[in-house]
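# Close look at the chain arrangement
Below, each chain spelled out in residue letters.
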Amino acid sequence: MNEMQQKEVNDALRVIDEILPMLGEAERKFSSARNWGFFDILGGGFITDLIKHSKLDGAARLMNQINYKLGELQRELKDVQFGTDYSMNTMTFATFADFVFDGAIADIYMQSKIMSSLSQVRDLQNRLMNLRSYLINLMRR
């Protein structure tokens, strides 16, 4: 591996090391929102919705930062493709319906969105950890 490639790999590892803790925090926020969502389904009300959506807003801000960092990672490793839009639009009709119609159907729909986002975060964590291991092994050669 030449010096330029080594620098590129080091830069990519730096970005991955910046993203992974952010993903851990996003996972915690989505997990907390999921837990509040279960409570909401069982009969929570407006306060439960506020707490749940506060967690989702925090997760959405993190996912926007992660999305930016994934773009940076793609620039470092031009031949590695990642889906870089892991942002979550929290001001959707589903959010509106969750507050206004606060019923079981809206709550269950929101819960499915939260579970999907949590799954995407975990999938991205695994992909980045695998890429990190691959890059470290590549540098050892």
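In the block above lies the structure referred to throughout.
Attention here is on the structure that accompanies the text.

Calculation notes
Residues numbered from 1 in each chain as written. Predicted model: local features only at pLDDT ≥ 70, side-chain atom pairs only at ≥ 80, totals over all residues. Heavy atoms only, no water. Helix = DSSP H or I, 4+ residues; strand = E, 2+ residues; numbered from the N terminus. Contact = heavy atoms within 4.5 Å. Salt bridge = Lys/Arg side-chain N within 4 Å of Asp/Glu carboxyl O. Buried < 20%, exposed > 50% of the residue type's maximum accessible area, 1.4 Å probe, protein only.

### Quick word on the environment of Val-121
Here Val-121 is to be found in helix H4 (residues 104-140). With 94 residues separating them in the primary sequence, Val-121 and Glu-27 have C-alpha atoms 6.4 Å apart. If sequence neighbours within four positions are ignored, Val-121 has contacts with Leu-23, Glu-27, Phe-30 and Met-63.

### Some points on the pattern of salt bridges
Taken as a whole and assessed by the stated rule, the structure comprises 12 salt bridges. Lys-69 is the partner of Glu-72 in a salt bridge, and the nearest nitrogen-oxygen pair spans 3.4 Å. In this pair, Glu-72 and Lys-69 both sit in helix H2 (residues 46-76), three residues apart, roughly one turn of the helix. Neither Glu-72 nor Lys-69 differs from the other in exposure class; each is buried. A salt bridge links Arg-127 to Asp-123; its shortest N-O distance comes to 3.8 Å. Placement of both Arg-127 and Asp-123 in helix H4 is noted, with a separation of four residues, approximately one turn of the helix. Here the residues in one salt-bridge network are Arg-14, Glu-18, Lys-69 and Glu-72, joined through shared partners.

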